[in-house]
Each structure stands twice: as structure tokens, then as C-alpha cells.
Amino acid sequence: VQNPWLVDADLLVTPPAGAGPMSVVVDLESHHVRAGNGSDWSGRGGHVEIGPERIVVRDFQSASAMGKIALAAVYERAGRNQGNLDAKVDATGIALDTISSTYHGKVSAHVAVTRKAARWDGDVQIDGTGISIDPKTAMMDAHAKIALHGDKLAVTADAASLGLGSMKLALDLDPPDRVEDPS
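Residues numbered from 1 in each chain as written. Predicted model: local features only at pLDDT ≥ 70, side-chain atom pairs only at ≥ 80, totals over all residues. Heavy atoms only, no water.

Points about the pairing of strand S12 (residues 165-173)
Move 1: As judged from the nine bridges shared by strand S11 (residues 152-161) and S12, these two strands associate in the antiparallel manner. The partner of Thr156 across the bridge, within S12, is Ala170.
Move 2: Following S11, the chain reverses through three residues before pairing antiparallel with S12. (Pairing = 2+ DSSP bridges. Helix = DSSP H or I, 4+ residues; strand = E, 2+ residues; numbered from the N terminus.)

This is the structure we're talking about:
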């Protein structure tokens, strides 16, 4: 079974000569994406710079009847700050049936992460309402916050369902120095 996607984008591409040595700049004037499930996403604006030392993405936004997404990031590819990352993703009211027709509910998320000198720092907040991954099961609302700052990792979550009750979770952890490699 195929779920073809349609991508229609108006781009202004500045090749290396105009963007600087070994750099490419892409300005996204507008875009329209029809996902495999038939949902239409569109937006205006967005800027990508790909250079020898860094990749920058800013001002990217897309919206549909299924929700909104915004993205900004800077990744240091080389030089004194090689490996550093600063990224933000905001997703608002994303309808889960865009993933599968058996999923129901909406999810919003805010992710802000940085990686400097091989150390991660960040906050993630996820809120879901009317969530069900099977139409035969009860729906629930869920909320989670994850915060990694220095040598502390805090996780809080709660979920509630009219048919199942509710639960809460709170963890304060001491993560390993390299949180991406817990072994």
C-alpha cells in the first residue's frame, strides 16, 4: 500500500559564490505538503544556511487543520564549537490521526535543547488530550515535563482517563555525564 506525499515548495537558493565560500543559503518562500494520509500542510518563510562551520535553520513554520509546527536550530559542524547544538521545536495541536487513522487525540510539544562542550541541557513539555491508539480503548489526557540541567534530570508526568483513573509520576535522577550514551 502506497501513501504518496506531494511536496510543492518555492525556494530561493543562493549557491556558494553568492553565499560565501563553500556555503549555500536556501530561503523557503512558501510550501505546500500533502502527507500520505491526505492532510495538507503549508507555510511561508524559512531560512537554511549550510556552511563549512555551521548549519542554521530559522523561521520555519507549517500549519494545517491538523496542527502547527515551528522549528529553529543551529548546529556547529566545525571549529572551536564543533558539535554544539541549539534547537527549538514547537508543535501545537497535532492531530494523531495524521500518523494513523486508528489514533485519536491531539498532542502539543515544546522542545528546547542545547549541547555545548559535549553537555546536554534542555526542556521538553508534552501535552496530550483525548489520546487513544485504538478506537476500542478509553481516551486519556496526559502531560509530561522533562528537564535536564547540568547534572540533574527531572521527569514529571500525569495521565487521566474517565474509564481508567489517573496516575502521577515524579523522578529526580542523576544522569550519566554523557546522557546520550548511558552505558
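Side note on the pattern of salt bridges
Move 1: Taken as a whole, this structure holds six salt bridges when the rule is applied.
Move 2: Of the charged contacts in the structure, one is a salt bridge between Glu76 and Arg54, with a shortest N-O distance of 3.2 Å. You can see Glu76 sitting in strand S6 (residues 67-76) and its partner Arg54 sitting in strand S5 (residues 54-64), a full 22 residues away along the chain.
Move 3: For Glu76, a relative accessible area of 11% gives the class buried.
Move 4: In this structure Arg54 comes out as partly exposed when scored by relative accessible area, which is 38%.
Move 5: A salt bridge links Asp59 to Arg58; the nearest nitrogen and oxygen atoms lie 3.5 Å apart.
Move 6: According to the relative accessible area criterion, Arg58 is partly exposed, its value standing at 36%.
Move 7: One continuous salt-bridge network, built from bridges that share partners, spans Glu49, Arg58 and Asp59. (Salt bridge = Lys/Arg side-chain N within 4 Å of Asp/Glu carboxyl O. Buried < 20%, exposed > 50% of the residue type's maximum accessible area, 1.4 Å probe, protein only.)

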